[in-house]
Structure formats: C-alpha cells, structure tokens
Amino acid sequence: MRGSTELMARDEVALGEELGLVRHYLAIMQARLGERLQAELSSSPEAEVWTLPPGLLLTLVENALEHGVSPALQPVKVQVAAAVQEGHLSVTVQDSGPGLSPDWQEGVGLANARERLRHRFGDRAHLRVEAAEPGVRATLSVAGPAAVEEVRHVC
C-alpha cells in the first residue's frame, strides 16, 4: 500500500513502475477471485521507460476486473500488453468477459483518464474503448515527440 500511495502522488511514473503495481494488484485479486481471473502481462523494455500520469494503467485494469471479470461466471482472461512501435507507445488492456452492454456509457474513471492524458500530452495521446471478440479492449496510445515532429515535417 505504501508503495502505491507514493507512486500515485507523483506527477508521472515510468510505465514499468506502474506495471509492477498492476502485477501486485492482480495477484491480490487472483487470491480473491481464484480461477475466475486469468491474467497475462507483457511489455517491451522500450515501453517500460515511457512516463505517464500515475494510475492510468491501473484504472484500465480495475475496469476490466469490475466490468469483465466480476459479472462473469466462467473464467475471464485479462491481458495487459505494452509496446513501442515507430515512436508510439501502445498499451492495451483486454478482457474476455461479457463485453459492452448496449447502453454502455463511459464512467468517471475513463473520463478522468482521458482528461489527464489530454492535460499531459495534448493531442499526442488517445484512449479508445471498444468491443472485442470476446470482451472489451481499452487501448492507450501516445506519440513520442520525435513522431510528432516527423508528422509536422511531412505535412
């Protein structure tokens, strides 16, 4: 708990640090949910050094557990993947749960995450939540400063 409180008090954290917090959170939830939760994390070393506002990844993982695992009776896989390609960070959280309901609306956590991304990165960052087959996929993408400069030179 102390480590997570200190991490959340910062302006930004390395993705690798937040992945460590997510691993601990998933281990606790695994003990609580048992076989209903199957978690898989993967990340590249290049992705782990990118800095983000703290708690963004944790928010996406918490949403996957609350809306994907909790209502399901069968085991649900939650996959977290982070990679850098062509100067862009991509972080994906996908669950194999019941998916988005027809009347789904974005909640406070996602709206807050979007605002924090906009404040930190402007139009360089995007958060997309979409139906996956099965489940839901949330994708956070951030263009690095070099990638933004390349786009400006091309335009």
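About the cut-offs
Residue positions within a chain follow its written sequence, with the count starting from 1. Restriction of local features to residues with pLDDT of at least 70 applies here, the model being predicted, together with a cutoff of 80 or more for giving and counting side-chain atom pairs; totals for whole chains, interfaces and linings are based on all residues. Hydrogens are left out, water is left out, and the side-chain values use all remaining heavy atoms of the structure. Any Lys or Arg side-chain nitrogen located within 4 Å of an Asp or Glu carboxyl oxygen qualifies as a salt bridge. We count a stretch as a helix when DSSP gives it H or I for four or more residues in a row; a strand needs E for two or more, and each element gets its number in order from the N terminus. Using a 1.4 Å probe on the protein chains alone, a residue whose accessible area is under 20% of its type maximum counts as buried, one over 50% counts as exposed, and one in between counts as partly exposed. Counted as positive: Lys and Arg. Counted as negative: Asp and Glu, with His and the chain ends omitted from the count. Any N or O atom pair separated by 3.5 Å or less is treated as a polar contact, with the protein-specific requirement of one donor-capable and one acceptor-capable atom, and with residues adjacent in sequence counted only for side-chain atom pairs. What makes two residues a contact is simply this: any of their non-hydrogen atoms within 4.5 Å.

A. Geometry of the pattern of salt bridges. Going through the model one piece at a time under the given rule, you end up with six salt bridges. The shortest N-O distance in the salt bridge between E115 and R118 comes to 2.5 Å. Of this pair, E115 and R118 both sit in helix α5 (residues 108-121), three residues apart, roughly one helical turn. With relative accessibility at 38%, the residue E115 sits in the partly exposed group. In this structure, E130 and R128 form a salt bridge, with 3.3 Å as the shortest nitrogen-oxygen distance. Taking the relative accessible area as the measure of exposure, R128 reaches 47% and is therefore partly exposed. Here the residues in one salt-bridge network are R128, E130 and R137, joined through shared partners.

B. Broad picture of the side chain of E18. Relative to the helices and strands, E18 is located in helix α2 (residues 15-33). No salt bridge is formed by the buried E18, whose closest oppositely charged neighbour, R116, lies at an N-O distance of 6.9 Å. Polar contacts involving the side chain of E18 include one to the main-chain amide nitrogen of G55, which spans 2.9 Å. Reaching out from E18, the side chain makes a polar contact with the backbone nitrogen of L57 at a distance of 3.2 Å. In this view, E18 contacts V13, P53, P54, G55, L56, L57 and L58; residues no more than four positions away in its chain are not counted.

This is a description of form; function is not addressed.
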